[in-house]
Amino acid sequence: MRTWQKPARPQVTPSPNIWHWPELFETENRAQDSTGALWQALRKRCDWAGLDVVDIGCGDGFHLPLFAATAGTVIGIEPHPPLAERARGRLAGIPGADIRVALAQQLPLADASVDLVHARTAYFFGPGCEPGLAEAERVLRPGGMIAIVDLDASRPPYGDWMRADAPQIDPAAVESFFLRHDFDSVSVDTLWRFDDRETLEAVLGIEFSAKVATRAARETPGCTIQVGYRLRTRRKPTGLLRA
């Protein structure tokens, strides 16, 4: 006789930086995209004013207040409870904002309940993220959009350091994956700006191995780093499509 077994819960891959150094990662977040280029590109693709937004892998909620300033509602999804608790503290007193501890593959949201699914350097890294893509499609309303922001491993200097630490990263394969899944992708150039060299080198130390972090510091003059991103977007159809 076959007995029912509860499906195994998907494994969560620990974040190598924010899980262990949340305060330093806060400093890194403040340094990133100092010109606002990513936000401008994202708003051009999907202005979330008045819309219902979900941020997958929101960490400690750093980006949520900016969404909440104009969105109708904002929900942060974070699998690591300590980070989710920090996010709740950040959003205290902000109406229409909520944090839920969950996985990208198992969103605690109703079908067709949000207008924008946003993920920034979290989970959606290419092959293997299909379950999360399916969940994003499920919770989006017709005409809604999924927007994935990720570091561009093909763009120097930051991409060179990424591949030195993780040679298995294949930017061409990642690009091909998202193309097959009908995403439009654009490059966005940003500038990370730090207050001092000590902070810059400390951030490099939580992003890379000691050897690569030393190389990155040596190759970085001053207190800024040019970093390339890929913004990938896909809109959910509003009508029937051919199979």
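Note that the coordinates shown come from a computational prediction; the quantities given were computed from them, not determined experimentally.

(A) Molecular detail of the domain arrangement of the protein. The assigned domain composition of the protein is domain 1 (47–151) and domain 2 (152–233). Taking only C-alpha atoms, the centre of domain 1 and the centre of domain 2 are 23 Å apart. The partner domain 2 presents 17 residues to the 15 residues of domain 1 that form the contact. For the pairing of domain 1 and domain 2, the buried interface totals around 1,200 Å² over both sides, and the portion due to carbon and sulfur atoms is 77%. The interface formed by domain 1 and domain 2 contains zero salt bridges.

(B) Fine view of unusual backbone geometry. Pro156 connects to Pro157 through a cis peptide bond whose omega is 0 degrees. Structurally, Pro157 can be placed in the loop between strand 5 (140–151) and helix 6 (158–165). Phi is positive for Thr121, close to 45 degrees, though the residue is something other than glycine. Structurally, Thr121 is set in the loop between strand 4 (114–120) and helix 5 (130–139). Of note in this structure, Tyr123 is not a glycine but carries a positive phi near 65 degrees. Along the chain, the position of Tyr123 falls in the loop between strand 4 and helix 5. By relative accessible area, Tyr123 is classed as partly exposed at 25%.

(C) How the structure looks around the packing of helix 8 (residues 197–207) against helix 9 (residues 210–218). Between helix 8 and helix 9, whose axes approach to 9 Å, the crossing angle comes to 145 degrees. As helix 8 packs across helix 9, the resulting crossing turns out to be right-handed. Here Arg197, Glu201, Leu204 and Gly205 of helix 8 come into contact with helix 9, specifically with Ala213, Ala216 and Ala217. Here the contact of helix 8 with helix 9 is built from residues that sort into four nonpolar, one polar and two charged.

(D) A look at the packing of aromatic side chains. The final tally for this structure, using the stated rule, is ten aromatic pairs. Residues Phe177 and Phe178 carry aromatic rings whose centres are separated by 5.1 Å and whose planes lie at 85 degrees to one another, so their mutual orientation is edge-to-face. Like Phe177, the residue Phe178 is buried in the burial classification. Among the aromatic residues, those joined into a ring-pair cluster are Tyr158, Trp161, Trp192 and Phe208. For the cation-ring pair, Arg120 lies above Trp39, with the distance from its terminal atom to the ring centre recorded as 4.4 Å.

(E) The arrangement of the UniProt feature "domain: Methyltransferase type" (unreviewed entry) in the protein in detail. Here, the residues flagged by UniProt with the feature "domain: Methyltransferase type" (unreviewed entry) are residues 54–148. Taken end to end, residues 54–148 is 27% helix and 32% strand, and its first and last C-alpha atoms sit 12 Å apart.

Quick notes on the rules
- Residues numbered from 1 in each chain as written.
- Predicted model: local features only at pLDDT ≥ 70, side-chain atom pairs only at ≥ 80, totals over all residues.
- Heavy atoms only, no water.
- Domains from an automatic or database assignment.
- Contact = heavy atoms within 4.5 Å.
- Buried area = accessible area lost by both parts, 1.4 Å probe.
- Salt bridge = Lys/Arg side-chain N within 4 Å of Asp/Glu carboxyl O.
- Helix = DSSP H or I, 4+ residues; strand = E, 2+ residues; numbered from the N terminus.
- Buried < 20%, exposed > 50% of the residue type's maximum accessible area, 1.4 Å probe, protein only.
- Axes fitted to C-alpha atoms, helices over the stretch in contact; angles between N-to-C directions.
- Left-handed = near helix turned anticlockwise from the far one by under 90°.
- Nonpolar A, V, L, I, M, F, W, Y, C, P; charged D, E, K, R; others polar.
- Phe/Tyr/Trp six-rings, centres within 6.5 Å; stacked < 30°, edge-to-face > 60°.
- Lys NZ or Arg CZ within 6 Å of the ring centre and 35° of its normal.
- UniProt positions renumbered as here; feature names shortened; annotations may be inferred.

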